[in-house]
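Structural description and commentary
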Amino acid sequence: MLKTLRRIGLSTLASTIAASVAIPAFAADLTVFDWSGYEDPAFHPAYTAKHGDEPDFTFFGDEEEAFQKLRSGFKADLAHPCSQSVVKWRDAGLIEPLDTSKLANWNDVLPGIAAMKDLMTSADGKAWFLPFEWGNSLMIYRTDTVKPEEVATLKAFADPKFKDRISIGDNVDDAYALASLAIGLKDWSKMTDAQFTQASAFLREVHKNVRLYWTENTDLSQAMASGEVDLAWGWNETATTLEKDGQPVATNANPAEGHSTWVCGYVKLKGGEAPAENAYDFLNAVSNPDIAAYLVDSWGYGHSNARGMAVVDPAILKAKGYADVGNFVSNTLFQSPLPIVLREKMIAEFEKIKAGY
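What follows covers the packing of aromatic side chains. For the coordinates displayed, the defined rule picks out 18 aromatic pairs. Ring geometry for Tyr176 versus Phe196: centroids 5.7 Å apart, planes at 5 degrees, classification stacked. Placement of Tyr176 in helix α6 (residues 172-182) and of Phe196 in helix α7 (residues 193-207) is noted, with a sequence separation of 20 residues between them. The two residues Tyr176 and Phe196 agree in class, both being buried. Where Trp214 meets Trp235, the ring centres are 4.7 Å apart and the plane angle is 85 degrees; that geometry is what we call edge-to-face. Taken together, the positions of Trp214 in strand β7 (residues 210-214) and Trp235 in strand β8 (residues 231-235) put the pair 21 residues apart, joining distant regions of the chain. Looking at Trp235, the relative accessible area reads 0%, which means it is buried. Members of the aromatic cluster, each reached through a chain of ring pairs, are Tyr38, Phe43, Tyr47, Phe57, Phe59, Phe132, Tyr266, Phe282 and Tyr294. For the cation-ring pair, Lys88 lies above Phe67, with the distance from its terminal atom to the ring centre recorded as 4.4 Å. We note Lys345 situated over the ring of Phe196; from NZ or CZ to the ring centre the distance is 4.4 Å.

Put into structure tokens, the structure is as follows:
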């Protein structure tokens, strides 16, 4: 999963205050390997309050890049992969088990997420992954240039009428989630060779219409705001931020074939040098129920903490699509862990598709 947040509001205010008020200098004793934007101070205020400073953040563009960098010896203490990558990172020996006795909110994770096979825990009962946020990859379109009936199906991405007006993410997971749904496949972990060929053929048709393979939410938001792109396969955050800016955009979260759902969160990297207390302080800060309202309202994502989601304004939950979690995931492809051989095939094929082959 490729994810990017851009800081506005609380984080901008926090930066302004930090720049104008004399604050004692503290050495950052925690390094977090993350998606750009998740350094937002509003996501971990309890950590900052306790330690007097922000963690160090270093960033990756997508999970494959992060995986390769870690395998090459890059060191950090925590990282932020998503549901489809956890098993791969674990099997590669990049992460170490979590001590749930030190996780204050471990038992408050939404039941639907906690029940997902091989996500938070492995079959032997060891804990590996603390969920933070969850949401969709879905259709986003400009309402002034696109009619709702034109985007009733995911096949719109391959419709010649949208030539040079399409954007999808420059990442293999979202691309093949889109393609899997378009060919009628909800469980991509069971994709056959024939279905892989069919999904890849669909992406080749989409490629003919692509104006931009976006790598950061800012790229996509700017392209849609300027009118360069009319239809995109993006995340809840993109629509939320554009709507807040008064842009004429809407989502179709329920096209004929459905949408894709993912869960992202934090893992403890093997070989991290920070004190364990610091790592668990950060994990407890991001999973604190008080974070939920900000995450839902400002970024359009659900928070993993059930207690936090329970006290978010019902009107906001309804507006963002989280009023009925069961309905939210009822017509979806969950980006579950993939067989490594299949994912490697997807990575290689997607590179060919983007190059026009």
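Turning to the pattern of salt bridges, a few remarks are in order. Under the definition given, this model contains 22 salt bridges. Between Asp144 and Arg142 there is a salt bridge; the shortest N-O distance is 2.7 Å. Between Glu257 and Lys155 there is a salt bridge, with its nearest N and O atoms 3.6 Å apart. Of this pair, Glu257 sits in the loop between β9 (249-252) and β10 (259-269) while Lys155 is found in the loop between β5 (130-142) and β6 (166-169), placing the two residues 102 residues apart along the sequence. By sharing partners, the salt bridges in this structure join Glu64, Lys88, Asp173, Arg343 and Glu344 into a single network.

Next up on the list: the environment of Asp297. Mapped onto the elements of the fold, Asp297 is located in helix α11 (residues 292-299). Remark: the alpha-carbon pair of Asp297 and Lys320, spanning 23 residues in sequence, is separated by 7.7 Å. When residues no more than four places from it in sequence are discounted, the contact partners of Asp297 are Thr240, Lys244, Ile316 and Lys320.

Reading the values: rules and limits
Residues numbered from 1 in each chain as written. Predicted model: local features only at pLDDT ≥ 70, side-chain atom pairs only at ≥ 80, totals over all residues. Heavy atoms only, no water. Phe/Tyr/Trp six-rings, centres within 6.5 Å; stacked < 30°, edge-to-face > 60°. Helix = DSSP H or I, 4+ residues; strand = E, 2+ residues; numbered from the N terminus. Buried < 20%, exposed > 50% of the residue type's maximum accessible area, 1.4 Å probe, protein only. Lys NZ or Arg CZ within 6 Å of the ring centre and 35° of its normal. Salt bridge = Lys/Arg side-chain N within 4 Å of Asp/Glu carboxyl O. Contact = heavy atoms within 4.5 Å.

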